[in-house]
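# An overview of the molecular structure
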Amino acid sequence: MKKITYFIASVVALLGLSSCNLDMRPDTGVLGQDVTTIEHIKALRNGLYNNIVSVQSYGNQVYQEYYVDLFNETMSSGNRGGYFSQWLLTASDQDVNAIWSTYYSVVSNINYFLMKADDVAALQPDNAEDIAYYKAEAKFFRAICFHQLALRFCKDYTPATAITDLGIPTPTVYNPYAKLERGTLEMTYKQINDDIKEAELLITEAGEPCSTRLSKDAIAAFKAQIALHMHDYQNAATYASSTYAGYPLVNSKEELDEMWHEDSSTEVIMQGTLTATTIGLVSGPSDYLSGTWDFESEVFHYTPAYTPEQWIVDLYGFEKDTNNSKDWRAGTLISRESLYIYSDWQTGYVLTKFSGNRNLFTVPTSLTYKTATKLFRVAEMYLIEAEAQYMNGGDALTPLNTLRQHRGLDPLTGITGEELMAEIEKERVRELIGEGHRLFDLKRWGKGFTRDYQMAVSDVLSGSKKIYQMTQPATNPKFVWPVPMEELHANANFGEQNTGWSSVQ
Amino acid sequence: MVKKIVLSIAAVLFVCASALAQNKQISGTVTGPDGKPVIGATVVVEGTNIGTSTDLNGKYTLSAPTNGTLIVSFIGYTDKSIALNGKTTIDVALSEDTENIDEVVVVGYGSGRKVGTIIGSVDQVKADKLEDRPSANVMDAMQGQVPGLQIFTSSGELDSPSTIRLHGLSSLSASSEPLILLDGAPITTGTLMAMNSNDIESMTVLKDASATSIYGSRAANGVIYVTSKKGSRGQDNAVVTLRAQYSLNNPLKLRMKRMSTDQLLDYNAATYAAWNGDDYANPRVVAAYREMLAGAFGIEDQSVNVDWFKEIMRENAPMYQVDLSVSGGTPKTTYYISGNYTDQVGIAPGSEMTRYTFRANVDSQVKKWLKVGMNLGLGYQKSSNASTQSSAGGLYTDNPIFASFLIPSYQPAQDENGNDLDFLSFYGVENPKYADKWYKLLGNRIQLNGSAFVQLNPVKGLSIRSQLSANAFDYRSTTSMSPSWPTETGVQGVGSISEGFQRNYDWTWTNTAEYKHTFAEKHNMTVLVGHESIYGNTQFFSAGTKGQAFDDLLNLGAGTENIGLPNYSTGEYAYNSVFARAEYDFAERYFVDGSVRYDACSRFGAENKGAIFWSVGAMWNIKNEAFLSDVKQITALALKASYGTQGNSSIGNYSQYQLVAPSSYPYDREYAMGFASMGNPYLAWEKQSTLTIGANIELWRKLSLSIDWYRRETTDMLMPRPLAPSAGFSSYTSNIGAMRNSGIDVGLNYTIFANKDWYVNFYANFNYNRNQITKLWEEGLEKSSLGDGTMMYYIVGKPFGSFYCQEWRGIDPQTGDTLWTAADGGTTNNFDEAVEVDLNKSTQAPFSGGFGIAVSWKGIGLNADFAWVQGNYMVNNNLYFFANPDFLGYGQVTEALDYWKRPGDNVTYPRLDVPIQFDSHLIEDASFLRLKNLQVSYTLPTHLLKNQNILSGFKVYVSARNLFTATKYKGLDPEVADGLGAFDADNYPNTRQWTFGCEFKF
């Protein structure tokens, strides 16, 4: 009996000893339920700006550039982007999945923000006005994401067929478990326009060059892009030209160089902030260059994975085998340099547009390839107006020549019809190369392509002439990228895969 | 601090060692049944603290009261007591203890139990299998030793942990690693790897519910109980052991051969011809293209033919290991103190490790009713890694493993002056042989494993014990890029470095009360109750700077600017548990036991924090029945069964919470935050139940056989449930799936021959494990892809990692096209029309085991241990790169030369202009049989050491690890794979080692 008493006493003593607290919360984040103040909402709003600046950064725009007739893949590519360059995409491609998922992840962040913003506005009515403004910004960003997705994963918006053409899911509420239908392209663009409309109700102030926040002008620029892609030329021209006054075109080669290599220009309607601290936020397209400094001869040598095609080089009007041209962009954005690819020394042309903001270089001899994300540029607005005027039978030469003259080129006179359109197309390539527009332009114009290549790199190109002399007719349905298999696997409601891509699951 | 600890330990030892009373001198010799002296037998005077142990000649001397009684004991022999009655010389002959030959095993909490009386399924591996091994990784020596325990040393990197699986994979999202306990306290695999294997007395693998359920929420994958060495009570003639060994490491034999320059250029030329639509079967066409290509590539000297694998990989990479231990004890106190130094170089450039460990284990019976003890292990490990996938290299061309095949043979290794090149211009990266000069991946870890206990025995049979354990380590990592990093045309000129600091610590406080009692001589019972609290904490931060201009000033403070903001994270978890266990047996014939445990864990949602786990078990020891007592041939026979539940809580600390976290980047100088995690507030334990039925038999005391059948059911399995990417997420973790592992373990041990001079023993073990997914996230969902590009599906009724993909059906002999299975079951040469097919192959090996033999003759010993697995498949991802004409300009392997040239060719590779696809041709049988360890040793006979009293034992040995591997797998090493166990791409292979060692005992 004594033993048992001992035993029970010791058990009770043991159980009475203290235990650990089990309510453990992370101290590196805030629980969703604790997002209750305007400060949280402001911080989340800045997070959305980060999201857009990151997803739209130039390193993420390379894939659609590799896909068309702008660049040749060299033996230095290490197969980076090779499936795009070689037209070997499949619905299982992980880069395609990453592009799709990243934009939708930003959309989800936006929808979460909108939900929390409503919660906080209800708790703190005094801040309701600010919160409404932030919500307008968020909706605008959502429209950008939907548009970027539509450009890649849908056919060109053709007013006559948009009502039946396939769209993309457009989630507008935070719901991780949603399985949304892709709907029609008409529905997709309706959602984009609805978001823009809500944004412009509250975002009414004009911006200034290199604004880091949304302005009325950024909205106008986006509306011009959307209108052009919707073949709504009247509006495209109107919206585009409304931005000219506040954003004068540059007047010298030096100023043009500053726009790309110091992130400073009167031409930029809106760009993301980029500092030494935030340089990791943006992705840089280093594969156009991969430069290393030669300390002896004090020049950069480049090992590019992708070099501009010969017809691109020709567009800039270089005097033969020099860096000289009237075009200010020649020698600054595209340049004849020393190339060293696969043990082969050559001199050839490379895209130097994205060598990086030199004010942020750690040392001048080491390139970063990090350029501030320019969400909207006025130069594109002139090109939009030119194309829209041409399509509408208006005065296309004036906007085209205005831009040309601010790029060191002579104005064109007396050309019309297809010849004029060809000049507009060429100007778009010269001005927008590397910014990820051409695939979408070709779709809009209903054009295919044929590649060529610079002789300087002919020995070190990747793949066969089937790749570097590739022809793709406009009728090839694969101009529209495949919807990733992950979406089709997880979303029974999604609908059909795009035409031309295997739907084997 | 360390100094203080050492001093206090020294003081404790000093106090304990003095204190022997003065009485009459008694001496004598203790012999065994064969008349030979018994070394190390304990001789104590009954009822006192006086005692000693016998020396190498079986002799003892002690002072004892003349009317006292001596008790002589030695493990495996029956205790003998002799009244002194004034005699001063007492020789004792011990007889073998036929009842008590089993050793003690710790099962659950509480005191140890004799092996034969344990209901649970347990396997013990003793020090002799772990000592003197040529690997610094203790788990490597465990491979093939325990039926059902699969161990893969999945990287040749010296500090990387092995993969441990008991009875297959039981979880997809939570960990499948067993719970590892060091002297009762949980430790990580990494901590075990960083220990000195010579400090380990035994590793006990607890496999069934009866043995593991008492560990509750952490026991779903079994338990490995590691016992560190202790001194022996009363052994006042301390044993000092000095061991030294030297090993040489070399790459395993290659089954893929690099193409020579000649082969490669012809292959490239033929490819080029094919792309241009020319007849590449015509040698003249190929020759013309070859000259064209050599010109285009700028290959000046076609006689350059470098074997880059040999060039990059180190040969005879050395390893030194020295350790010194002292163990002994007084009648009241035991101690074991050791120190170890290991220095090892791996075969891949940059792979190095240096380790120092110290251990002091002391316990003392300070009062008749009070015992205290403390185990303390300290370690410091410094390592440097090769830039392979396991560290940071990834699938990059400068990964040395990858590069050793992909660098073309015509890439010279030296410049015209005979100096090794810094930059390889045909390959486009710095010379991987010296990559560690410019790209450093360093880490160092200081670890402490300590536990202290107090044990009270207030009344006979009752022991109350409180143990507090602390396991902690600090890990510092450094990654640096040197400014002299070579480029095509010189050097980078600017360096960068980042430093990380991680601190992990956890406390485990365990309080138990155990009561053992025997009623009416035949009813034995044990009851145990306990409480346990565990608290764990992890902290991490890292920072980086860049702009360093000098190689010798490559430190965090020598940069010119920061690389972003520093990273910071912390994590905490805690468990509170109570448990109880009861055991009963009748006359050691009929045994039953049961346990129950309640666990609450911080990692789960508020509604699901707590859970109860329980087990029941029964055993019938038939040998102890009267009807078998006369059957001399059967020396042991028992049947047992157990059933119980366990849990798995190895998930993230905060997976339940929806989180918003600070962004690493301010926007426009303002604070920014982002959505970080969707969280699942309903997250709960992964539950498991295990049913085990087993039998073991021993014949003639020589041949023992054990068979266990088990079935483990995992339910509420944590699984990533796919979400539509368009909703913003790819998946979330939820308790949705179910999985089953069922199989049998067979263990066999046969002492073929044992006499005065000879000892021959053979062992073998075997496991069959059938892994099946039994439920996916939706009712009726039969299969789902594991993710595109993996070639694997989850399929209900099939093992995890089942290959289900486009099936390669060979090369059409007429056209040279690759053929795949088409929708109608026939073949197609269009990959887009190829359908996914269930290949009935999986990454999980259904069969595994090991066998070995130990032979000794008069001090000469031979040990051979083999380990094998059979029936698992792996993607030899290397071949996608090493046998693919698209990789023009890179090195290739000779296998790719078997390509189609003309109609009628029966080959394995298609026409050269047909792209190689990622399909089933890469899936290879990864079964292997490996001679894990071969050791020949010589132990000096004791009679040669008679005439001196310095040395008491001497042994020399030579051993080899991975000396030979039989496999069909063509990659570098069938044992290595990625986390899924499915892909072998650029993995760092294991090595073959020769070791020479010697051991002195003083």
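All values derive from a computational prediction rather than experimental measurement.

Rules and cut-offs
- Residues numbered from 1 in each chain as written.
- Chains lettered and ligands numbered in written order.
- Predicted model: local features only at pLDDT ≥ 70, side-chain atom pairs only at ≥ 80, totals over all residues.
- Heavy atoms only, no water.
- Helix = DSSP H or I, 4+ residues; strand = E, 2+ residues; numbered from the N terminus.
- Rg over C-alpha atoms; globule rule 2.2 N^0.38 Å.
- Buried < 20%, exposed > 50% of the residue type's maximum accessible area, 1.4 Å probe, protein only.
- Axes fitted to C-alpha atoms, helices over the stretch in contact; angles between N-to-C directions.
- Parallel < 35°, antiparallel > 145°, perpendicular 65-115°, else oblique.
- Left-handed = near helix turned anticlockwise from the far one by under 90°.
- Contact = heavy atoms within 4.5 Å.
- Nonpolar A, V, L, I, M, F, W, Y, C, P; charged D, E, K, R; others polar.
- Patch = residues over 30% accessible without salt bridge, like charges linked within 9 Å, V, L, I, M, F, W, Y side chains within 5 Å.
- Areas by Shrake-Rupley, 256 points an atom, 1.4 Å probe, with all protein chains shown as cover.
- Salt bridge = Lys/Arg side-chain N within 4 Å of Asp/Glu carboxyl O.
- Buried area = accessible area lost by both parts, 1.4 Å probe.
- Polar contact = N/O pair within 3.5 Å; in protein donor to acceptor, adjacent residues only side chain to side chain.
- Pairing = 2+ DSSP bridges.
- pLDDT = per-residue confidence, 0-100.

## Thoughts on the overall build of chain B
The helix and strand inventory of chain B stands at 12 helices and 55 strands. Relative to the compact-globule value of 30 Å for 1002 residues, chain B shows a C-alpha radius of gyration of 32 Å, a close match. Based on the C-alpha atoms only, the size of chain B along its principal axes is roughly 105 × 70 × 70 Å. Relative to its full complement of 1002 residues, chain B shows a buried share of 57%.

## Quick word on the packing of helix α7 (residues 185-202) of chain A against helix α8 (residues 216-229) of chain A
All names here are of chain A. Interaxial distance between α7 and α8 falls to 11 Å at its minimum, and their mutual angle equals 160°. Here α7 is positioned roughly antiparallel relative to α8, judged by the angle of their axes. The interaxial crossing formed by α7 with α8 has left-handed handedness. Facing Tyr-189, Ile-192, Asn-193, Ile-196, Ala-199 and Glu-200 of α7, the residues of α8 in contact are Ile-219, Phe-222, Lys-223, Ile-226 and His-229. Partitioned by chemical class, the residues of the contact of α7 with α8 number seven nonpolar, two polar and two charged.

## Considering a nonpolar patch on the surface
All names here are of chain B. On the surface, Tyr-750, Ile-752, Phe-753, Trp-758, Trp-857, Ile-860, Leu-862, Val-936, Tyr-938, Leu-944 and Val-956 cluster together into a nonpolar patch covering about 910 Å² of accessible area. If one sorts the elements of the nonpolar patch by residue count, strand β39 (residues 731-754) sits on top with three residues. Of note, Leu-862 is situated in strand β49 (residues 860-870). Residue classification places Leu-862 among the partly exposed positions, given a relative accessible area of 33%.

## Quick notes on the interface of chain A and chain B
In many analyses, interface size is given as the accessible surface area lost on bringing the parts together. Taken together, the contacts link 96 residues of chain A with 91 residues of chain B. Both sides of the chain A and chain B interface together cover about 8,000 Å² of buried area, and 60% of this is carbon and sulfur. Contact with chain B buries surface across chain A, with A:Leu22, A:Met24 and A:Tyr342 losing the most and accounting together for 10% of the total. Here chain A is connected to chain B by two salt bridges. A:Arg213 serves as the salt-bridge partner of B:Glu670, at 3.2 Å between the closest nitrogen and oxygen. Where chain A touches chain B, the interface holds 21 residue pairs in polar contact (both at pLDDT 80 or more). In terms of residues, the side of chain A that touches chain B owes the most to one element, helix α2 (residues 38-55) of chain A, which gives 10 residues. Within the side of chain A that touches chain B, the residues separate by chemical class into 42 nonpolar, 38 polar and 16 charged. As judged from the two bridges shared by strand β1 (residues 30-31) of chain A and strand β35 (residues 659-662) of chain B, these two strands associate in the antiparallel manner. Across the sheet, the residue bridging to A:Val30 is B:Val660, located in β35(B).

## Regarding the environment of A:Ile433
Turning to its location among the elements, A:Ile433 is positioned in the loop between α14 (417-432) and α15 (438-445). Distance in space between the C-alpha atoms of A:Ile433 and A:Leu375 is 15 Å, their sequence separation being 58 residues.

## Focus on unusual backbone geometry
All names here are of chain B. Non-glycine residue Glu-588 carries a positive phi angle of around 55°. Its place among the elements puts Glu-588 in the loop between β31 (567-586) and β32 (590-601). Taking relative accessible area as the criterion, Glu-588 reaches 29% and is therefore assigned partly exposed. Unlike most non-glycine residues, Asn-840 shows phi in positive territory, near 55°. Mapped onto the secondary structure, Asn-840 falls in strand β47 (residues 836-842).

## Points about the sheet that holds strand β4 (residues 59-64) of chain B
Judged by pairing direction, the sheet is mixed, and its three strands sit side by side in the order β4-β1-β7 (chain B) without closing on themselves. Of all strands in the sheet, those with a lone pairing partner are β4 and β7 (92-93) of chain B, marking the two edges.

## Describing the confidence of the model for chain B
Detailed conclusions should not be drawn from predicted coordinates in areas where pLDDT is low. Residue and element names in this part refer to chain B. When pLDDT is averaged along chain B, the result is 85, and 94% of the positions lie at 70 or above. Note on residues 1-22: pLDDT is under 50 here. Beyond four places in sequence and across chains, it has 14 contacts. Note that pLDDT drops below 50 for residues 98-102; the model gives that stretch seven contacts with residues more than four away or on any other chain.

## Side note on the pairing of β39(B)
Across a regular strand the side chains alternate sides, sitting on one face of the sheet and then on the other. Residues and elements named next belong to chain B. Examined bridge by bridge, strand β38 (residues 703-722) and β39 share 18 bridges and lie antiparallel to one another. Following the sheet pairing, Pro-722 is matched in β39 by Ser-731. Pairing geometry for β39 and strand β40 (residues 758-775), over 16 bridges, is antiparallel. Opposite Gly-743, over in β40, you have Asn-769 as the bridge partner. Where β39 folds back onto β40 in an antiparallel hairpin, the turn is made up of three residues.

## Re the pattern of salt bridges
Note that side chains of opposite charge can pair when their charged atoms are close. The full count for this structure, using the stated rule, is 72 salt bridges over all chains. Across the salt bridge formed by A:Asp194 and A:Lys190, the nearest N and O atoms sit 2.9 Å from each other. Linking A:Asp194 with A:Lys190, this pair stays in helix α7, spanning four residues, or about one helical turn. Using a relative accessible area of 51% as the deciding quantity, one classes A:Lys190 as exposed. We note a salt bridge from B:Glu999 to B:Arg243, for which the minimum N-O separation is 2.9 Å. Taken together, the positions of B:Glu999 in strand β55 (residues 991-1001) and B:Arg243 in strand β17 (residues 239-251) put the pair 756 residues apart, joining distant regions of the chain. Its relative accessible area of 9% is what places B:Glu999 among the buried residues. Looking at B:Arg243, the relative accessible area reads 6%, which means it is buried.

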